[in-house]
Structure formats: structure tokens, C-alpha cells
Amino acid sequence: MADDKNMYGPQLVHVWRTCNKIRSAVFKTKLNLWDCFKCSDPSKNTLISESKFITILTTNLKDTVGLTDQEINELTDYFKVQNGQIAYAQFCSVIHDNEPHPTYNLDFVTGLEWEDNLATNRLSSSENRRIRVLLTKIANTVRLRDVVFKPYFQDYELVAKNSGTVTLAHFARVLHFLKINVSAEEFQLLLKRFIKDSYTVNYVAFVEEIESIVRKLDSKRLIDFSQDIVENFPGKVITANLPKLPRPEIDNVCISDVFGNAPSSHPVFTKTRDNMIFEELIQRIKRHVLENSVRVKDFFEDNDPLRCGYITKSQFIRGLDILGVSKLGRLYLSPREIEILCSNYVDEMDSSRINWKIFEIDIEEVVLLRNLDKRPYTIVELPEQEILDLPKQGVECWNNQDTDTRNFCEETVFRIKSRIVNRQLYLEPYFKDLDRFNMGHVTNTQMRRVLTQYGILISDEEFNVLVKRYADDMGFNYIWFLKEVDPEEYLIYAPRFEENRRPTVPGNHLPDEKCEQKMNQLNIIHVFAKVKGIAVRNRVRIMDFMKNFDKHNELCIVETDFRRGLNLAGIHLEHMELNLICEVFRSPLRKNYVDYKRFCDSVEEVFYQANLERAPLIVPLQHVPSEDNSHNFLNFDERQLVSKALIKLAKYPDQVTNLGSLFQDFDSRNFGTVTQNQFLRVLTARSMHDLISPRELNVICKCFGVQKGLRTEFNYRSFLKNLHILFCNSRQHPF
């Protein structure tokens, strides 16, 4: 207990002292903290970052109030939630809800705190309950004997002129004269409640409370059946002994609840759970806890340092508010729903306390089955299918709609789906651009704008039936909509359908699975070389296109997204080649996912060599992709013809004829290629066109040809490099 007091006491005292300083400054300067914080909260979720909270306090309150950095840090730590943000709404509520107002509390302004004759001292919750029991017993005695209090006190006031007060001794003498015998402990409790100026008793407030209790007993027609006060024994001492606490488990707990079958629910809450609103509310909280993997105990246990299982109502509401905040979404609870929860888990002995332990047990049933050690043969089925199929708030029950509406909606969805499949549209990126917070919802106007942008025109009736089908309280659920109208299968199997349309040659049989697998293993090197060549020639970084599909940084994406990423990067492969790459780089733990990080690291080896800091003596080599394709393929005769033509032209290399400057004059953008006509003009300018025949000229253009768009150009850099090599070899080994 000492450790707990040292742990919680000083910190709360310091925070409360700081809040009082801020409250007094706000009261004097008429500063509205809500306006200061709402400007920094565009999403209006009552949460801002820690840096913004410190900046606003430093700018607006540090000089005005005189706050130190330590006090600002204590406020930040106290109002911080689990995700590191600050709940500024709670801070503003603490400051402004307790702010004094001169028009409402005139006594606070004037300092006359005892102007009211009915003012009494404040007691603790336990003492307050005892004083109510004591006053009720005294009022019952007064009611049975028809005693009037006020004349006995007014006689003393006429002499002493104390304006509504009597001395302690006179107060005790009046009670004794009226034969209202109170024990010493209860008399001290009465004095603690009605004492004034440390030596007199406010008899006006005492008499007024007794008379109000008597009036209430008469209006309710309450009679003392317990016989605590008997008229035949007027000398009986009146005490404020509390009755024994009830034992709700008596006659309600069976042996099977302890040793055998499923545990019974708490008997206090059985009747209220028949309410459909309460049951649906509990299911939604269970669904929220299941999806976000949170522990209910973490949000309420800090407010219960003694681990008694009870907290105040305000602490319970604050815990519910923090429980509803997560990275994936927010569980909104209306004030009426919060009152329903509080009324079902309230302590029957104290209406200001909430039994959060029972609430935790009820909610964590979705992820935890208790007392399994006593029931080892129980089949665990978590979570319940009813909770998994729970619709979102605001979704209309589709089964309750009439048949015409459902058929019309199915026809609309089928028409949109056919349009997407025929045109091979991909709607998800445009929906995600509009969904800034990745909530899976957009507005109805944004949904119609996306469809119109892709040329999918729908009427107002079709739009209304789609909204009725896919909309909820958060907006239009485009994730659910895309699952039904944007199938991913046609993107995977479309090339296969085109291959099936091709005519088959008689006598050719499809290889079996083993032969096809061996062929794929042999061709993976060629396919990977093809991908590296495209990446080098186009200077493209594939990782930039893949990571857009990996929102949670899992380093693996769906196979369909992997294919789309390659297509967006400009790497166009055949269907069999794509299947081969997906099989090689498939994630070992997830069936339909591809490890794109390993694939991108393997491709980017052409640009850099990893781990060079561990091998400093290695000289990295640049990958030079091959330009060979079907356009520059040469047979044996053409290769012989090209070799003879290059030997003739090698007698006049670039060092002698300076061909490079002429080529650069035609290549203004420094692409390294010129047209075939420009190549012939360069040879003509140096009188080298007479050395080769037109057939040799065409073969040379074919050998060094590079495909540029819809035409073939001449790679003069490779041509000059070959002439230089032949010239150097001819000097050492003349032909």
C-alpha cells in the first residue's frame, strides 16, 4: 500500500496542481483551449501528436501561467494514450468543465462561503452513506413521536442572537431532552456534517434535512418494519450500523458451475442482457477487440490500483473511449449506448462504481475460454460465427429487402462487372487515392465519380440501390464492392485464354507436368536475364512499383499485385515466364503471395553489388545487357559476310578517319544510334562507301541494328568499338 501511494499520489497531486494553475489563467484571460487544439486536429478524432500538444501549451500558456518544462511533461504523460498521441479532449474537459463563473457562483467571488443557511460540510462517500442512514433513523423517530425540532433551538437563538446556530452543548442537550440518544461516534459524525465556525452547529440545515426526510417517507408511505426503533423503548440508542452486504451467490451457484459445465453468468446482469441493443453492443465490442488484438484489462487496470474490480463511472467511460481507438479504426459509442453499458455493469451497492472485471470477462470470451482446466473435454471454437458475420453499423439487412430490389441490384452489379472484365479496368488505386486514412470507405459522391471516370455510367435508381447495398455509417464500402465487381481471376488467366484460341499443330502434344517443370527450371536463367536486360536498358527501379501494394510493409504481396507491378514497371513477359518467376519467388509461409523484396534485390544486382564492405578487394562489374533479338539475328553466311566487310572498313578506323565526330553531329540527343540513311551519309563523307557492296551494307545495318519504337536504327558506338578492336589486332597480326 505504501508503494502504491508513493507511485500514484505525488504524480496526481502535481498534475492536479498544474491544472488548477491553468484553470485560473483561463478564467482570467477568457482563453478557449478548444479553439487552440481543434485547429491542429483536421481529422476531428480528439487526438493530436505529442509535439503539437507541447507547442500549443508553450505558445499559449507558458508565459501567461508560468508553466515549467517539467509541468508540461507531466501533463503530456498523464493525458497520453497507448499509440503515443495526446487526448486533448479530456484535458480541455478537465479545464473548462470546472472553470468558475462569476454569474453562477457569486459566493466564490465575494468570499462569503457561508451565506446560505442550508450549507453543510462535505464528507467522504462512506461517511455520507452512514450519515444518511443515521438521519433516516432520527427522522423515523421524529415521525413516530410527532416531535418538532425548531422551537427548542429557536428559544436559544432568541437569547444568544446567533442567526441559525447553537453551541455544541446546547445541541446535545436538545437531542437528550427529546430522548434521541445517539452514540458518541454518530454524534461526532453529526457534528462533522453540521458544524460551523468550529464551535457552533448549524441547526437550520439539520432541521431542514430531517423534515425533508420525513416528507419523503410520508410521500412514499414507508413504514419501519425492521423494528430498529421501537416506540415502547424510547431510551434505545440510535446507531448508523450498516446492514450486511448481500450474498447474490446464495441459491444461485450450482455445483456444475464449479466442477463441470459452462460457467453461469453474473446473476445481477441476467435480466438486462435480454435487451437487443445491449447484446448487439457487446458483440460489436467483441468484434473490435478481436480485429485489433487488444486486451481489455490494459485500459481499466491502471484506474484500479487496489485491484478490487471496481472503478468510477467516469473512469469506465474514459477507458471505453481509449479502447475504441485503434490503428485500423474507431469504435464509436453513442451516449445512450454508454449509459446502457454502465447501467448493466453498475455495482448494486454503490451506483457510482462500475464492475469492470465482469465487463472484461464478457468481452474476452471472444478470444479466451476460461476454466478450461476444470473442463478438459470442452471443444474450443473461437471466435463465434455470429461475431464474424456481424455487419457494420448502418448496413441495412439485405434479406429483408423485397425481391425486385435485390434482383435489380444483382443486374446492376453484373453489368458493372462485365464492363470491368471486358475493358480490363483496375479501380482499386483510384479508390485508395480518395481514401486518405485507409479506412476502406469513400463518400457516395466519390464512388460515383470513379465510375464515371472509367466510363461506367449508371442511373440514379442504380446508384441508390448500390448505396443501399454497400453503404454504412462510415460511407461507401468500396472494398466489399470491389470484391464482387472487380474479380482478379481474369487478370491471371486472360493470356491463357488467348493461347487456347491459337490453332494447334497436328502431331504436337503438350508435355506432362514433370517435363514442363524441368523446362521451367532450365529457362529461369534466361527469363531472369531478360528481366535484368529490360531493367538496365530502361533504367527502372522495380521496388518503387512494388512497395505501393505493400501497405503494411510485409515484404510480400499478392501474386496478382506482383504481376501488376511488373506491368507498371514496363517489364512485359509472357504468361509462362510470369508463372515461372512467381513459383521461384513465392513466399514459403503464404500460398498466394510473392516475396517481391527478394526478387527486387536479385534484379538490382545489375546496378550495385551488395556487401562490398565485407570484401573491399572485389572490383564490381557493370552488367551489360545483350541487344540480341529477332531483328538482328544472323545466319552463318551473313556472319561471314559481316566479318569480311568489317575487315575492309577496319583499315580506316576512327583514329584515322574521325568517324565519331560525324556520327555525333547526327546524334544530337546522344542516344548512341543513328538511322541507316545517316550511317550511309557518314561513310560517303569519308569515301568509305566504295569499300563494301550494298549487300554487305545491309548486313552490317542488320548486325548493329537496335529497335527504337517502330523502326530499326544503327548502333554506331558498337560499330566503332569493333573497328577499333580489328584495327589493333591487324597491327599486331597483319592479315
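Thresholds, definitions, all that
Residues numbered from 1 in each chain as written. Predicted model: local features only at pLDDT ≥ 70, side-chain atom pairs only at ≥ 80, totals over all residues. Heavy atoms only, no water. Phe/Tyr/Trp six-rings, centres within 6.5 Å; stacked < 30°, edge-to-face > 60°. Helix = DSSP H or I, 4+ residues; strand = E, 2+ residues; numbered from the N terminus. Buried < 20%, exposed > 50% of the residue type's maximum accessible area, 1.4 Å probe, protein only. Polar contact = N/O pair within 3.5 Å; in protein donor to acceptor, adjacent residues only side chain to side chain. Contact = heavy atoms within 4.5 Å. Pairing = 2+ DSSP bridges. Arc of directions from axis to C-beta.

Draft legend 1. Fine view of the packing of aromatic side chains. Scanning the entire structure with this criterion turns up 36 aromatic pairs. With centroids separated by 5.3 Å and ring planes inclined at 85°, the aromatic side chains of Phe316 and Phe359 adopt a geometry described as edge-to-face. Placement of Phe316 in helix α16 (residues 313–323) and of Phe359 in helix α18 (residues 356–363) is noted, with a sequence separation of 43 residues between them. Look at Phe316 and you get buried, because its relative accessible area is 0%. Owing to a relative accessible area of 0%, Phe359 belongs among the buried residues under this scheme. With a centroid separation of 6.2 Å and an interplanar angle of 10°, the aromatic rings of Phe663 and Phe679 are classed as stacked. With a gap of 16 residues between them, Phe663 in helix α33 (residues 659–666) and Phe679 in helix α34 (residues 676–685) connect regions that are remote in the sequence.

Draft legend 2. Highlighting the side chain of Glu462. Following the sequence through the fold, Glu462 ends up in helix α23 (residues 460–470). Within the structure, Glu462 has its side chain in polar contact with the side chain of Arg415 (distance 2.8 Å). One polar contact links the side chain of Glu462 to the main-chain amide nitrogen of Ser459, over a distance of 3.1 Å. Ignoring anything within four residues of it in the chain, the contact list for Glu462 reads Phe408, Thr412 and Arg415.

Draft legend 3. View of the pairing of strand β13 (residues 711–715). In this structure, strand β11 (residues 673–674) lies alongside β13, joined through two bridges in antiparallel fashion. Its bridge partner being in β13, Thr673 is matched across the sheet by Asn715.

Draft legend 4. Up close: the sheet that holds β13. Ordered in space as β11-β13-β12, the three strands form an open sheet in which the pairing is antiparallel. The two strands at the open ends of the sheet, each matched to only one other strand, are β11 and β12 (705–708). Looking at chain direction, β12 and β13 are connected through four bridges and run antiparallel. Each residue of the ladder has a partner; that of Lys708, found in β13, is Arg711.

Draft legend 5. Representation of helix α30 (residues 596–603) in the model. Of all the positions in α30, only Tyr596, Phe599, Cys600, Ser602 and Val603 are classed as buried. Projected down its long axis, α30 shows its buried positions confined to an angular sector of 160°, all on one face.

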